[in-house]
Amino acid sequence: MIGMAGVFPGSPDLDTFWRHLAAGADLIGQPAPERWPDADRPWGGFIDGIDRFDARAFDISPREAELMDPQQRLFLQAVWHAFEDAGYRREEVAGTRTGLFAGVAAADYASLLAAAGVAVEAYSSTGNAHSVLANRASYHFDLRGPSEAIDTACSSSLVAIHRALE
């Protein structure tokens, strides 16, 4: 099974992202004022809808979801969409030796939680550990193959693809 999914700045899916690339669109801009109320808003590639995660769909409590790095929330959704893209239902892959290899880098959310004075607790630890990212998805979808989160900085996704092909 091969399925693909992704969320990118200004692009809720791969088709939209590809259209933007083909058109030469510049997807760098400032975040919405409600997302970054500071008058000195930075420029960057921002993903819309980061706050619209359906925690119940993934059997995650609201508190746990609140303390989870957005990378983990987005990754769970992307895995779901990758199954859809490959033409499989969740029930069809549950219990199979399906492997999951994830490129992951940066721990910005843990730093933001600390700067906001949020106390460390069990959910903030699991919600921000790179090792949990792939394993949380494998557990939720009952995938029984290898499950690896790979952090090699800028090459993480490329190394994850290489490991999957091996």
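To start, this report covers the structure provided alongside it. Just so it is clear, the structure is predicted and the values come from calculations on it, not from any experiment.

What counts and what doesn't
- Residues numbered from 1 in each chain as written.
- Predicted model: local features only at pLDDT ≥ 70, side-chain atom pairs only at ≥ 80, totals over all residues.
- Heavy atoms only, no water.
- Buried < 20%, exposed > 50% of the residue type's maximum accessible area, 1.4 Å probe, protein only.
- Helix = DSSP H or I, 4+ residues; strand = E, 2+ residues; numbered from the N terminus.
- Pairing = 2+ DSSP bridges.
- Axes fitted to C-alpha atoms, helices over the stretch in contact; angles between N-to-C directions.
- Parallel < 35°, antiparallel > 145°, perpendicular 65-115°, else oblique.
- Left-handed = near helix turned anticlockwise from the far one by under 90°.
- Contact = heavy atoms within 4.5 Å.
- Core = buried A, V, L, I, M, F, W, Y, C linked by side-chain atoms within 4.5 Å.
- Polar contact = N/O pair within 3.5 Å; in protein donor to acceptor, adjacent residues only side chain to side chain.

### A short note on the pairing of strand S1 (residues 100-103)
- What you see with S1 is a clean split: Leu100 and Ala102 sit on the buried side and Phe101 and Gly103 on the side with no burial.
- Of the pairings in the sheet, the one linking S1 to strand S2 (residues 147-150) comprises 4 bridges and is parallel in character. Each residue of the ladder has a partner; that of Leu100, found in S2, is Ser147.

### Topic: the packing of helix H3 (residues 70-86) against helix H7 (residues 130-140)
- Between H3 and H7, the shortest axis-to-axis distance is 10 Å and the interhelical angle comes to 25°. It follows that H3 is roughly parallel to H7 by the angle criterion. Note on packing geometry: the crossing formed by H3 with H7 is right-handed. On the side of H3, the interface is formed by Gln71, Gln72, Phe75, Leu76 and Val79, while H7 contributes His130, Val132, Leu133, Ala134, Arg136 and Ala137.

### Describing the nonpolar core
- By size, the foremost hydrophobic cluster in this structure holds 19 residues, and its most contacted members are Ile60 and Leu100.
- Looking at this core, the elements that each hand over two or more residues are H3, S1 and H7.
- Per-element tally for this core: the top contributor is H3, with 4 residues.
- Excluding its chain neighbours within four sequence positions, the residues that come into contact with Ile60 are Phe53, Ala55, Ala65, Met68, Leu76 and Arg136.

### As for the side chain of Ser124
- The residue Ser124 is located in helix H6 (residues 122-128) in this model.
- A distance of 2.8 Å separates a polar side-chain atom of Ser124 from the backbone nitrogen of Glu121.
- Excluding its chain neighbours within four sequence positions, the residues that come into contact with Ser124 are Leu67, Leu113 and Ala119.

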